[in-house]
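Below are the chains, spelled out letter by letter.
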Amino acid sequence: MEPGDGSEEPALPLALARFQLSEEYGSLLPEPLTELPAPYGPWMEIAHNLPQLITSHQLRSRVHQMPQLSTRHLRGREELHLAHLVLSFITMGYIWQEGEEGTVKVLPRNLAVPFWEVSQALGLPPILSHADFVLANWRRKNPNGPLEINNLDTIISLPGGESLRGFILVTLLVEKAAVPGFKVGITVPHSVLLAQKAPMVGTIPCTLALVDYVDPAVFYAVIRIFLSGWKDNPAMPDGLIYEGVSDEPMEYSGGSAAQSTILHAFDELLGIRHSKESAAFLHRMRDYMPPPHRAFVEEIRRAPSLKQHVLSSRDTRLHKAFNQCVSALADFRSYHITVVTKYITIAATKAKAGQAEPGGKSGSSMGKPPSALEAKGTGGSHIFSFLKSIRDTTREGMINA
Ligand code: HEM
């Protein structure tokens, strides 16, 4: 986003590439690797069997037998991202294998040390983040086929079967649907009219697909705990010691789409200003993004204000286009609140009712749902006050006629 004379747009692919974003894939890692070099066989073998190892309660003992591998054979960003994906999934399985009442205080050194080193190399936290769960965790079934849900699969999985797969891949499609919006971000203010094309509305049908692919009961009782972190989580109040890295426990938030670049970029582009508390949480989530993506959001923030440009133009078409974008962003957030109500609040009520029933199904077949996160997101926010506050401050970002 170089300042220019206003007449020419920067060459898009180049501008986005500076931030490790692409015109085709946005913030998704383009065509991620699916296998690591041979010396990392012990990691891959565990990672490919995670759902079974976790549900049979064998993962911790398998990790204890794992050799401590050096990270020096890992070459390039792609191998590092796959290593981070693999180690983050193994870590979440290791921590939450026995549910929220059977957590551990220490991550063993044969897992902690390489995970720490790979995290340092990528500038990512040593915990599963959106960058692992979604951005680096996809492959095409048919390599020449389209980027559509039927032709997609995850690389590494956790318990939750088809619902987990659906949750990851629908979120991935939302990332993909946001790509045209990134292009707007990078060309503003040269082509403000492009803002009309900002695809906020396009992300809503993608999110609707959750209904077809993710069972709320499985999401709530099985999947959610594996995304939970060790910061602001009553189930792990002391954080986690990464053995061989530090003797002091460390705290990290769990994986959340609040770590996705999309809405941070749109907020900055449209000049949305959230309340102090909500903004503090969202800004902390930026630390969980790959550093180039964080830099992209910061670049948009530092660019000349789009809102100011629209205001001073006194052009009613621009005012309208700008307000359509803000309104679509607020609609996305409203819709997201209904999704969260369905997948957390209603699912929690049903899970409790199911457990209370004699021989209740949800309790026995799905394990005990986590209670520490009933009112909190996996990122650690107080769910509804946070989500409603940011939806309302988004609406306040409209330009008054
Ligand atoms: C089962 C479905 C979903 C549930 C239960 C859910 C839950 C949540 C929760 C609890 C938060 C608050 C932050 C935290 O503490 O983690 C959050 C934030 C967020 N979620 Fe979701 N989410 C779901 C699906 C999605 C999808 C598909 C997207 C699309 C990318 C998405 C995008 C976001 C964003 C961008 C935020 C940050 C708040 C914002 O900027 O509006 N979520 N989500």
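Residues numbered from 1 in each chain as written. Predicted model: local features only at pLDDT ≥ 70, side-chain atom pairs only at ≥ 80, totals over all residues. Heavy atoms only, no water.

**Q** So, the overall build of the protein: which residues are in play, and what are the values?
**A** The number of helices and strands found in the protein is 19 helices and 4 strands. Put simply, the protein has 401 residues, and 57% of those count as buried. In the protein, the share of contacts with a sequence separation of at least 24, taken over all contacts with a separation of at least 6, comes to 77%. (Helix = DSSP H or I, 4+ residues; strand = E, 2+ residues; numbered from the N terminus. Buried < 20%, exposed > 50% of the residue type's maximum accessible area, 1.4 Å probe, protein only. Contact = heavy atoms within 4.5 Å.)

**Q** Give me the lowdown on the packing of aromatic side chains, citing residues and values where you can.
**A** Scanning all chains against the criterion turns up 10 aromatic pairs. A ring pair is formed by Phe89 and Phe133, whose centres lie 6.2 Å apart and whose planes are at 25 degrees; its orientation type is stacked. Placement of the pair is Phe89 in helix H5 (residues 76-96) and Phe133 in helix H7 (residues 130-135), with a sequence separation of 44 residues. We note Arg60 situated over the ring of Tyr94; from NZ or CZ to the ring centre the distance is 5.6 Å. (Phe/Tyr/Trp six-rings, centres within 6.5 Å; stacked < 30°, edge-to-face > 60°. Lys NZ or Arg CZ within 6 Å of the ring centre and 35° of its normal.)

**Q** Tell me about empty space enclosed by the protein, and please be specific about residues and values.
**A** Under the counting rule described, the total for this entry stands at 3 cavities of 30 Å³ or more. Approximately 80 Å³ is the volume attributed to the largest cavity. Forming the boundary of the largest cavity are Gln20, Ser27, Leu28, Leu29, Pro30, Arg77, His81, Ala131, Leu135, Ala136, Pro290 and His293. Partitioning the lining of the largest cavity into residue classes produces 7 nonpolar, 4 polar and 1 charged. (1 Å grid on protein atoms, 1.4 Å probe; cavity = no way out; pocket = protein on both sides within 12 Å on 5 of 7 lines; lining within 4 Å. Points joined across faces, edges and corners; volume = space filled by probe spheres on them. Nonpolar A, V, L, I, M, F, W, Y, C, P; charged D, E, K, R; others polar.)

**Q** Just give me the short version of the side chain of Gln259, but keep the residues and values in it.
**A** Checked against the element boundaries, Gln259 lands in the loop between strand E4 (241-242) and helix H13 (261-270). Looking at Gln259, its side chain comes within polar contact range of the main-chain nitrogen of His130, at 2.9 Å. The residues contacting Gln259, other than those within four sequence positions of it, are Ser129, His130, Gly254, Met285, Tyr288 and Met289. (Polar contact = N/O pair within 3.5 Å; in protein donor to acceptor, adjacent residues only side chain to side chain.)

**Q** Before we move on, could you go through the site of the ligand and cite the residues and values that matter?
**A** Taken together, 25 residues lie near the ligand, and Ser256, Arg333, His336, Gly379 and Ser381 sit nearest. One nitrogen or oxygen atom from the side chain of Ser256 is found 2.8 Å from an oxygen atom belonging to the ligand. Put simply, the ligand lies in the largest pocket. Those elements that place two or more of their residues in the shell around the ligand are helix H8 (161-177), helix H17 (316-356) and helix H19 (383-395). The biggest single contributor to the shell around the ligand is H17, with 6 residues. (Near = heavy atom within 4 Å. Sits in = over half its atoms within 2 Å of the grid points.)

**Q** Tell me about the side chain of Ser256, and name the residues and values.
**A** Mapped onto the elements of the fold, Ser256 is located in the loop between E4 and H13. Among the polar contacts made by the side chain of Ser256, one reaches the main-chain amide nitrogen of Ala258 at a distance of 3.0 Å. With residues near it in sequence (within four places) discarded, Ser256 still touches His130, Thr378 and Gly379.

**Q** I'd like to hear about the pattern of salt bridges, residue by residue, with values.
**A** Evaluation of the coordinates by the stated rule reveals 17 salt bridges. The partner of Lys105 in a salt bridge is Asp238, with the nearest N and O atoms 3.4 Å apart. Of the two residues, Lys105 is situated in the loop between H5 and strand E1 (106-107) and Asp238 in the loop between helix H12 (216-223) and E4; the sequence distance between them amounts to 133 residues. Exposure remark for Lys105: the relative accessible area of 57% places this residue in the exposed category. For Asp238, a relative accessible area of 45% gives the class partly exposed. The partner of Arg286 in a salt bridge is Glu298, with the nearest N and O atoms 3.1 Å apart. Of this pair, Arg286 sits in helix H14 (residues 276-286) while Glu298 sits in helix H15 (residues 291-302), and the two are 12 residues apart along the sequence. (Salt bridge = Lys/Arg side-chain N within 4 Å of Asp/Glu carboxyl O.)

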